Amino acid sequence: MNIKFTVLASIIGLSLGSIAFFSSKETSYTLLDASDLAANPAKYEPDDLLRVRGFVKLGSVVREGKTAKFVLQLNEKEVPVFFTGATLLPDAFKEGTRARVDGVWKNGVLVADKVEAKCASKYEAGYKEEDGKEY
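The chain is annotated in an unreviewed UniProt entry as Cytochrome c maturation protein CcmE from Leptospira sarikeiensis. Here the chain is described in UniProt, under the heading Subcellular location (unreviewed entry), as follows: "Membrane".

Dropping the structure here:
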């Protein structure tokens, strides 16, 4: 009886461990800034899932149907991005906004299937003048 229980518990343990290991490899992203990727692009393999943060460069957005090309920049370093159109670009996405892009690094371009953008005006505090009124 103890041998059957030990074998069954071992099989269940190995199965759960395998599922956890392989599913985490498929869904784990490497989070980095656009300046880090631009400074050391050779560090990342074409199958590495990357989550890259930066600002959308002014004048760089070119929309082509559902797809788009743009440049993420941070600290004067730039990363070209090709958005596949697998999901919709968020309403807040526009030039100059802060964005986070999920994709893979292929031939010097971040091929992205997901883009998130933040509207800076929602997070900025109002300015107060000396009379105490907010503007």
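So that's the structure; there's more coming.
(A) Molecular detail of the packing of aromatic side chains. Tallying each qualifying case throughout the model produces one aromatic pair. Across the ring face of Tyr29, the terminal group of Arg51 is positioned such that the distance to the ring centre comes to 4.5 Å.

(B) Spotlight on the nonpolar core. In terms of nonpolar packing, the biggest core is built from 23 residues, with Leu37, Leu50, Val52, Phe70, Leu72, Val101 and Leu110 touching the most fellow members. Ignoring anything within four residues of it in the chain, the contact list for Phe70 reads Val56, Ser60, Val61, Val79, Pro80, Val81, Phe83, Phe93, Val101 and Val115.

(C) Inspection of the pattern of salt bridges at higher detail. Scanning all chains against the criterion turns up five salt bridges. A salt bridge links Asp102 to Arg51, with the shortest nitrogen-to-oxygen separation between them at 2.8 Å. Separated by 51 residues along the polypeptide, Asp102 in strand S6 (residues 98–106) and Arg51 in strand S2 (residues 49–56) bring together distant segments of the chain. Asp102 gets classed as buried once you look at its relative accessible area, which sits at 2%. You can call Arg51 partly exposed: its relative accessible area is 21%.

(D) Seen up close, the pairing of strand S4 (residues 67–74). Across the eight residues that make up S4, a large majority, six, are buried. Relative to S4, S2 runs antiparallel, the two being bridged by two bridges. Across the sheet, the residue bridging to Phe55 is Gln73, located in S4. Judged from the three bridges that link them, strand S3 (residues 62–64) and S4 form a sheet pairing that is antiparallel. Within S4, the residue paired with Arg63 across the bridge is Ala68. What sits between the antiparallel neighbours S3 and S4 is a turn of two residues, in which Gly65 has the positive phi angle 65°. Counted between consecutive antiparallel strands, the loop separating S4 from strand S5 (residues 77–83) contains two residues, among which Asn75 sits at a positive phi close to 55°.

What counts, and at which threshold
- Residues numbered from 1 in each chain as written.
- Predicted model: local features only at pLDDT ≥ 70, side-chain atom pairs only at ≥ 80, totals over all residues.
- Heavy atoms only, no water.
- UniProt positions renumbered as here; feature names shortened; annotations may be inferred.
- Phe/Tyr/Trp six-rings, centres within 6.5 Å; stacked < 30°, edge-to-face > 60°.
- Lys NZ or Arg CZ within 6 Å of the ring centre and 35° of its normal.
- Core = buried A, V, L, I, M, F, W, Y, C linked by side-chain atoms within 4.5 Å.
- Buried < 20%, exposed > 50% of the residue type's maximum accessible area, 1.4 Å probe, protein only.
- Contact = heavy atoms within 4.5 Å.
- Salt bridge = Lys/Arg side-chain N within 4 Å of Asp/Glu carboxyl O.
- Helix = DSSP H or I, 4+ residues; strand = E, 2+ residues; numbered from the N terminus.
- Pairing = 2+ DSSP bridges.

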